[in-house]
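Listed below, chain by chain, are the residues.
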Amino acid sequence: MENSNNTDLVPKNLSSDFSLFKRKLEQLPENLRETYRETRKLLEGEMKLENLRSDDVERDKFYRLFADFIEDSNLVKMLYQNLLEEYFQLGIFFQDDYSELKTNASEKIEKLIRAGKWDGLENSANRANFRFEMLNLIRAKVHEKSVERGKNGERIAAVCFSGGGIRSATFGLGVLQGLAKHNLLSKFDYISTVSGGGYIGSWLSAWIHRIDENKTDFTNEKAQKVEKKLILQTADLPEPPEITHLRSYSNYMSPRPGLFSADTWTLVAVYLRNLLLNWTVFVPLIAAFLILPKMFVTFIGLNYSGFWQYVLLGLAIIGGVGGVLNINAMRPSFKKYSWVDQTYKTDNIGIIKSVEAKVLGWVLVWLIVLAFCISTFWAWNRGSFHTPFSQWIGSLLNTQNLTLIDLILFSELLFLGGYFLAWAFMLRKFIRVSRREKKKAKKQTDKSLWGKFKHLYRVYLAEPVASVVSGAVGGALLYLVVKNLLWMSSGLYEIFGNRVVDEVTPKFFVCFGAPLFLLVFLLAATLFIGLAVRFTDDEDREWMARLGAWVLMVIIGWSVISTAVIFGPRIFELPWKGSLFASVGGLSGLLTLILGFSNKTSAKEDDQPKNKKSFLMWFAPAVAAPIFVLFLVVLISSATNALTENVQIFKR
């Protein structure tokens with residue numbers, strides 16, 4: 001063994017590579033640990049880290065061993081590995097070809113490991129490129145083998161059948177008979193099938209396999225026998241019994257249809273069994289979720305005072321300020337100063353992953369906490385809580401409308417508090433970046449007094465002023481909402497047959513309290529965008545539009561579902577409305593089922609209707625399905641009402 005002390009050739013990441021290899025060996029499942037027992041002993045013996053640092057030969061052995069391990073130990077094999085194994089087993093590749101490609105893969109992996117470009121999420125693109133390179137090498141090797149066989153008078157050929165259900169299988173049978181008629185079928189080496197093509201392909205493979213019970217392997221002699229029988233026709237036997245059998249059982253879900261057929265009733269029994277099993281899993285989960293609005297009604301009905309009201313108000317302020325803070329932190333125009341990482345991850349083939357997760361986690365959750373806490377707080381105190389600031393401001397303005405002042409102050413706290421808190425976190429980066437940019441743009445700055453004022457206003461005052469105005473308008477809109485809550489509540493109860501005019505009930509607060517607040521917040525945020533449009537860029541507006549879309553989804557989704565859960569069951573008690581709703585719901589479900597099974601309904605979402613009939617086939621299920629879902633929600637809620645009407649969820 002030759003030693004070398006040339007430490008300049010030692011990779012910088014040798015220590016981390018050594019630790020990574022040992023960790024991967026320790027993480028192997030039990031069924032693979034025995035296979036790599038000797039490898040673990042090597043790392044603990046002659047391939048210790050200190051030996052690798054000083055010995056080039058041992059270091060090369062280590063990296064080759066590491067690369068071989070990665071290439072061989074995948075629990076889920078890559079496409080190129082599956083193809084390599086398959087082509088070797090089929091005889092397309094010989095042992096030398098197989099070994100050459102395996103060695104090539106290990107060498108490529110070794111180079112990437114040595115360069116620190118293999119492990120970790122940041123190197124996913126490198127691993128993807130490696131797999132594409134291996135696929136290209138396999139494809140080149142296949143063509144090379146085909147050329148070699150062609151020189152010897154042999155050609156590799158395959159017959160391929162695409163998908164398309166029983167129609168594809170029927171077409172495939174005609175192709176097979178046509179090839180057999182010209183004595184070409186036995187000339188093919190391989191058969192490849194997809195979906196419906198697999199039905200005819202597996203039938204042909206089974207026939208070739210079983211035509212000679214004494215020989216279990218696939219031979220050209222057996223294929224030639226099937227080829228002759230495929231086109232066999234006599235007066236007594238118009239087609240081979242194997243084809244007759246295929247036609248008889250082409251309806252493989254229910255081979256013998258009919259009302260008194262055991263196959264038909266077996267299919268019905270299997271369908272009902274699977275349907276009931278799915279319902280057993282999903283219906284209780286849906287019912288558990290639909291109980292949440294009812295629990296919320298009970299919670300609001302407790303009407304806590306004092307300490308718990310302050311807790312809710314505090315949580316609402318934290319949620320609101322945190323939400324506005326994160327909205328500003330995630331704005332693309334603040335990317336240079338923000339602490340939020342806006343470089344979104346990519347998957348193995350370089351496609352950017354959705355930004356929705358960050359929108360939900362960083363902003364929407366905070367706003368939902370704000371909306372539900374503040375609506376519950378208002379339901380408990382009904383405007384009886386006032387801050388000392390509102391009384392002082394009321395005396396200055398000579399007004400007794402303390403509720404309006406309180407709501408404006410609360411809204412200002414959210415907009416200004418979140419905005420300035422975001423800048424408090426970004427200030428250090430902003431100063432550093434501004435100094436650097438100021439040096440670059442020194443010659444382009446307008447030196448006039450008006451130019452300096454415009455610059456100061458744009459950078460330091462424009463958005464705070466927009467926040468103040470948006471906060472004030474938001475507070476005023478909230479005041480309009482709370483003043484009309486009784487009117488809205490009465491209208492809702494009138495629709496469901498029980499007019500209430502004396503108070504706003506907890507049920508109304510659950511259904512529309514949080515959505516109404518979020519709607520006001522969205523309107524105020526829209527006003528902010530309008531006022532600051534000259535000082536924000538297109539990416540900021542796009543980001544705010546995407547956030548607005550999610551807020552609208554929450555508003556509509558919660559309002560519809562909670563109203564269906566809480567007020568929906570009352571529909572069945574009304575004389576004509578209940579019957580109409582049950583009829584529409586049942587028919588929509590039947591229509592969705594029929595059109596779902598129809599072959600005239602497109603299976604692709606992006607298929608555009610080409611005429612009136614196709615438009616109707618597209619439009620009908622798009623409308624009927626949501627109506628049926630709403631009907632099911634009301635139905636499940638009615639069932640849970642019957643089960644829980646005497647159960648008290650919360651106790652004071």
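Residues numbered from 1 in each chain as written. Predicted model: local features only at pLDDT ≥ 70, side-chain atom pairs only at ≥ 80, totals over all residues. Heavy atoms only, no water.

1. A few points about the confidence of the model for the protein
Turning to step 1, where the next piece is worked out: Per-residue confidence for the protein averages 80 on the pLDDT scale, and 84% of its residues sit at or above 70.
Turning to step 2, where the next piece is worked out: Scored below 50 in pLDDT, residues 1–8 makes eleven contacts in the model with residues more than four places away or belonging to other chains.
Turning to step 3, where the next piece is worked out: Under a pLDDT of 50 for its full length, residues 347–352 has, in the predicted model, twelve contacts with residues more than four places off or in other chains. (pLDDT = per-residue confidence, 0-100. Contact = heavy atoms within 4.5 Å.)

2. A look at the packing of aromatic side chains
Turning to step 1, where the next piece is worked out: Throughout the structure, instances matching the rule amount to 30 aromatic pairs.
Turning to step 2, where the next piece is worked out: Pairing Phe-299 with Trp-380 gives two aromatic rings, centres 5.4 Å apart and planes at 55°, and the pair type is tilted. With Phe-299 in helix α13 (residues 262–301) and Trp-380 in helix α15 (residues 356–381), this pair connects stretches of sequence that are 81 residues apart.
Turning to step 3, where the next piece is worked out: Residue class for Phe-299 comes out partly exposed when judged on its relative accessible area of 27%.
Turning to step 4, where the next piece is worked out: With 5.0 Å between their ring centres and 85° between their planes, Trp-423 and Phe-430 make a pair best called edge-to-face.
Turning to step 5, where the next piece is worked out: Look at Trp-423 and you get buried, because its relative accessible area is 15%.
Turning to step 6, where the next piece is worked out: Taken together, the ring pairs connect Phe-18, Phe-21, Tyr-36, Phe-62, Tyr-63, Phe-66 and Phe-69 into an aromatic cluster.
Turning to step 7, where the next piece is worked out: Over the aromatic face of Phe-334 sits the side chain of Arg-331, whose NZ or CZ is 4.2 Å from the ring centroid. (Phe/Tyr/Trp six-rings, centres within 6.5 Å; stacked < 30°, edge-to-face > 60°. Helix = DSSP H or I, 4+ residues; strand = E, 2+ residues; numbered from the N terminus. Buried < 20%, exposed > 50% of the residue type's maximum accessible area, 1.4 Å probe, protein only. Lys NZ or Arg CZ within 6 Å of the ring centre and 35° of its normal.)

3. Regarding unusual backbone geometry
Turning to step 1, where the next piece is worked out: If you check the backbone angles, Ser-195 has positive phi at about 50° while not being a glycine.
Turning to step 2, where the next piece is worked out: By the secondary structure assignment, Ser-195 is in the loop between β2 (190–193) and α10 (196–210).
Turning to step 3, where the next piece is worked out: Of the residues examined, Ser-195 reaches a relative accessible area of 61% and is grouped as exposed.

4. A few points about the packing of helix α20 (residues 506–531) against helix α21 (residues 538–566)
If you want to describe how two helices pack, look at the angle between their axes and the distance between the axes.
Turning to step 1, where the next piece is worked out: Closest axis-to-axis distance for the α20/α21 pair is 9 Å, and the angle between their directions is 165°. By the angle between their axes, α20 is roughly antiparallel relative to α21. Here the hand of the crossing between α20 and α21 comes out left-handed. Contact with α20, carried on its side by Lys-507, Val-510, Cys-511, Phe-512, Pro-515, Leu-518, Leu-519, Leu-522, Ala-525 and Ile-529, involves Arg-541, Met-544, Gly-548, Val-551, Leu-552, Val-554, Ile-555, Trp-558, Ser-559, Ser-562, Thr-563 and Ile-566 of α21 and no other residues of that element.
Turning to step 2, where the next piece is worked out: Considered class by class, the residues forming the contact of α20 with α21 number 16 nonpolar, four polar and two charged. (Axes fitted to C-alpha atoms, helices over the stretch in contact; angles between N-to-C directions. Parallel < 35°, antiparallel > 145°, perpendicular 65-115°, else oblique. Left-handed = near helix turned anticlockwise from the far one by under 90°. Nonpolar A, V, L, I, M, F, W, Y, C, P; charged D, E, K, R; others polar.)

5. Section: the nonpolar core
Turning to step 1, where the next piece is worked out: Core analysis: the biggest nonpolar cluster contains 69 residues, and Phe-410, Leu-485, Phe-517 and Val-551 have the highest contact counts within it.
Turning to step 2, where the next piece is worked out: Apart from residues no more than four positions distant in its own chain, Phe-517 is found in contact with Leu-370, Ala-371, Ile-374, Phe-410, Leu-414 and Leu-478. (Core = buried A, V, L, I, M, F, W, Y, C linked by side-chain atoms within 4.5 Å.)

6. Quick notes on the side chain of Lys-102
Turning to step 1, where the next piece is worked out: When you line up the elements, Lys-102 lands in helix α7 (residues 95–114).
Turning to step 2, where the next piece is worked out: Lys-102 sits in the buried class, given a relative accessible area of 19%.
Turning to step 3, where the next piece is worked out: In this view, Lys-102 contacts Glu-71, Asp-72 and Leu-84; residues no more than four positions away in its chain are not counted.

7. What to know about the packing of helix α5 (residues 56–72) against α7
Turning to step 1, where the next piece is worked out: At their nearest, the axes of α5 and α7 sit 8 Å apart, and the two run at 115° to each other. For the element pair α5 and α7, the recorded crossing hand is right-handed. In contact with Arg-59, Asp-60, Tyr-63, Arg-64, Phe-66, Ala-67, Asp-68, Ile-70, Glu-71 and Asp-72 of α5, α7 contributes Lys-102, Ala-105, Ser-106, Glu-107, Ile-109, Glu-110, Ile-113 and Arg-114.
Turning to step 2, where the next piece is worked out: Within the contact of α5 with α7, the residues separate by chemical class into seven nonpolar, one polar and ten charged.

8. Side note on the pairing of strand β1 (residues 158–161)
Turning to step 1, where the next piece is worked out: Side chains Val-159 and Phe-161 of β1 all project onto a buried face; the interleaved residues Ala-158 and Cys-160 project onto a face where none is buried.
Turning to step 2, where the next piece is worked out: With four bridges connecting them, β1 and β2 associate as parallel partners. Bridge pairing links Phe-161 to Thr-193 in β2. (Pairing = 2+ DSSP bridges.)

9. With respect to a nonpolar patch on the surface
Turning to step 1, where the next piece is worked out: Together, Leu-259, Phe-260, Trp-265, Val-268, Tyr-271, Leu-272, Leu-587, Leu-590, Leu-593 and Ile-594 make up a nonpolar patch on the protein surface, roughly 1100 Å² of accessible area in all.
Turning to step 2, where the next piece is worked out: Elements with a contribution of two residues or more to the nonpolar patch: α13 and α22 (577–597).
Turning to step 3, where the next piece is worked out: Structurally, the position occupied by Leu-587 is in helix α22. (Patch = residues over 30% accessible without salt bridge, like charges linked within 9 Å, V, L, I, M, F, W, Y side chains within 5 Å. Areas by Shrake-Rupley, 256 points an atom, 1.4 Å probe, with all protein chains shown as cover. Salt bridge = Lys/Arg side-chain N within 4 Å of Asp/Glu carboxyl O.)

10. Section: the pattern of salt bridges
Turning to step 1, where the next piece is worked out: A complete count under the given rule lists 20 salt bridges for this structure.
Turning to step 2, where the next piece is worked out: Residues Lys-145 and Glu-148 are paired through a salt bridge, measuring 3.5 Å at the closest nitrogen-oxygen approach. Here the residue Lys-145 and the residue Glu-148 both occupy positions in helix α8 (residues 124–151), the gap between them amounting to three residues, near one helical turn.
Turning to step 3, where the next piece is worked out: Classification of Glu-148 by relative accessible area gives partly exposed; the value is 35%.

11. Structural notes on α8
For an α-helix, 3.6 residues make a turn, and residues three or four places apart therefore share a direction.
Turning to step 1, where the next piece is worked out: If you check α8, its first and last C-alpha atoms are 41 Å apart, about what 28 residues at 1.5 Å a residue would give, namely 40 Å.
Turning to step 2, where the next piece is worked out: Remark: Gly-153 follows α8 within two positions and exhibits a positive phi of approximately 85°. (Expected span 1.5 Å × (residues − 1).)

12. Quick notes on the side chain of Asn-381
Turning to step 1, where the next piece is worked out: Turning to its location among the elements, Asn-381 is positioned in helix α15.
Turning to step 2, where the next piece is worked out: Engagement of the side chain of Asn-381 in a polar contact is seen with the backbone oxygen of Phe-377, the distance being 2.6 Å. (Polar contact = N/O pair within 3.5 Å; in protein donor to acceptor, adjacent residues only side chain to side chain.)

13. Considering the environment of Asp-72
Turning to step 1, where the next piece is worked out: Residue placement: Asp-72 occurs in helix α5.
Turning to step 2, where the next piece is worked out: For Asp-72, the residues in contact, after removing those within four places along its chain, are Tyr-36, Lys-77 and Lys-102.

14. Things to note about helix α9 (residues 165–181)
Turning to step 1, where the next piece is worked out: Between its first and last C-alpha atoms α9 spans 25 Å; for 17 residues at 1.5 Å apiece the expected length is 24 Å, and the two agree.
Turning to step 2, where the next piece is worked out: Every buried residue of α9 is listed here: Ser-168, Ala-169, Gly-172, Leu-173, Leu-176, Leu-179 and Ala-180. Along α9, the residues classed as buried sweep out an arc of 145° about the axis, all on the same side. In α9, those exposed residues whose orientation departs by more than 90 degrees from the buried face are Arg-167, Thr-170, Phe-171 and Lys-181.
Turning to step 3, where the next piece is worked out: Buried residues along α9 sit in contact with β1, α10, α11 (220–230) and α12 (241–248).
Turning to step 4, where the next piece is worked out: Just past α9, the residue Asn-183 takes up positive phi, approximately 55°. (Arc of directions from axis to C-beta.)

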